[in-house]
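# Reading the structure
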Amino acid sequence: MDPLLSAQLLADLPPVEVAPGVVRRSLFSSDRLTAWVIDFEPGSRWPEVDHHGEEERYFVLSGELIEDGQRIPAGSYVRWAAGSSHQPSSEVGARILGHNVVGPHS
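Residues numbered from 1 in each chain as written. Predicted model: local features only at pLDDT ≥ 70, side-chain atom pairs only at ≥ 80, totals over all residues. Heavy atoms only, no water.

With that out of the way, let us pick up the overall build of the chain. Looking only at helices and strands, the chain has zero helices and eleven strands in total. Listing the helices and strands of the chain from first to last along the sequence gives β-β-β-β-β-β-β-β-β-β-β. Relative to the compact-globule value of 13 Å for 106 residues, the chain shows a C-alpha radius of gyration of 14 Å, a close match. Taken over the C-alpha atoms alone, the chain extends approximately 45 × 30 × 25 Å along its principal axes. Within the chain, residue pairs in contact and separated by at least 24 positions form 58% of the contacts whose partners lie at least 6 positions apart. Accessible area of the chain: about 6,400 Å², with a carbon and sulfur share of 55%. The centroid of the 8 positive side-chain charges in the chain is displaced by 3 Å from the centroid of its 15 negative side-chain charges. (Helix = DSSP H or I, 4+ residues; strand = E, 2+ residues; numbered from the N terminus. Rg over C-alpha atoms; globule rule 2.2 N^0.38 Å. Contact = heavy atoms within 4.5 Å. Areas by Shrake-Rupley, 256 points an atom, 1.4 Å probe, with all protein chains shown as cover. Lys, Arg positive; Asp, Glu negative; His and termini not counted. Charge placed at Lys NZ, Arg CZ, Asp CG, Glu CD.)

Below is the structure:
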């Protein structure tokens, strides 16, 4: 394998329950970016309001999230700007793939 290429299999990553029905798996990250996959079971909610000092982006792979009363279906790409806050939930369940900018960037 090319030493500059890295790959992860989602099934091999340890699940971390962050709230009842909400499971996070951490992907490759660096000092500038964290990446993750989060699964929401039906009826679940992120445990607290999530505040962002920097940008967060995610793609809804399956299901549907609810953010500030807005339904966000599978196939949606979501951007939360620096300084934003939110508390996602899901009535039907969802899987999202996302990343957070960690520090100064160009």
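Let us keep going from here.
Bringing a nonpolar patch on the surface into the picture now. A cluster of nonpolar side chains, namely Phe 59, Leu 61, Tyr 77 and Leu 97, defines an oily patch on the protein surface of about 360 Å² accessible area. Relative to the helices and strands, Tyr 77 is located in strand S8 (residues 77-80). (Patch = residues over 30% accessible without salt bridge, like charges linked within 9 Å, V, L, I, M, F, W, Y side chains within 5 Å. Salt bridge = Lys/Arg side-chain N within 4 Å of Asp/Glu carboxyl O.)

The subject of this paragraph is the environment of Leu 33. With respect to the element layout, Leu 33 can be found in strand S3 (residues 33-40). As a C-alpha pair, Leu 33 and Ser 62 span 29 residues in sequence and 23 Å in three-dimensional space. The residues touching Leu 33, leaving out its near neighbours within four places in the chain, are His 99, Asn 100, Val 101 and Val 102.

Under the defined criterion, the tally for this structure stands at six salt bridges. Notably, a salt bridge pairs Arg 25 with Asp 39, separated by 3.0 Å at the nearest N-O pair. Linking Arg 25 in strand S2 (residues 22-26) with Asp 39 in strand S3, this pair joins segments that are 14 residues apart in sequence. Comparing Arg 25 with Asp 39 shows no difference in burial state: the two are buried. We note a salt bridge from Arg 79 to Glu 55, for which the minimum N-O separation is 3.2 Å. With a gap of 24 residues between them, Arg 79 in strand S8 and Glu 55 in the loop between strand S5 (50-51) and strand S6 (56-67) connect regions that are remote in the sequence. (Buried < 20%, exposed > 50% of the residue type's maximum accessible area, 1.4 Å probe, protein only.)

Below, the discussion takes up the pairing of S2. In this structure, strand S1 (residues 16-19) lies alongside S2, joined through three bridges in antiparallel fashion. Across the sheet, residue Glu 17 finds its bridge partner in S2, namely Val 23. Once S1 ends, the chain turns through two residues before running back antiparallel as S2, passing Gly 21 with a positive phi of about 85°. The sheet contact formed by S2 and S3 spans five bridges and is antiparallel. Pairing of Arg 25 across the sheet is with Val 37, part of S3. Count of turn residues in the S2/S3 antiparallel hairpin: six residues. (Pairing = 2+ DSSP bridges.)

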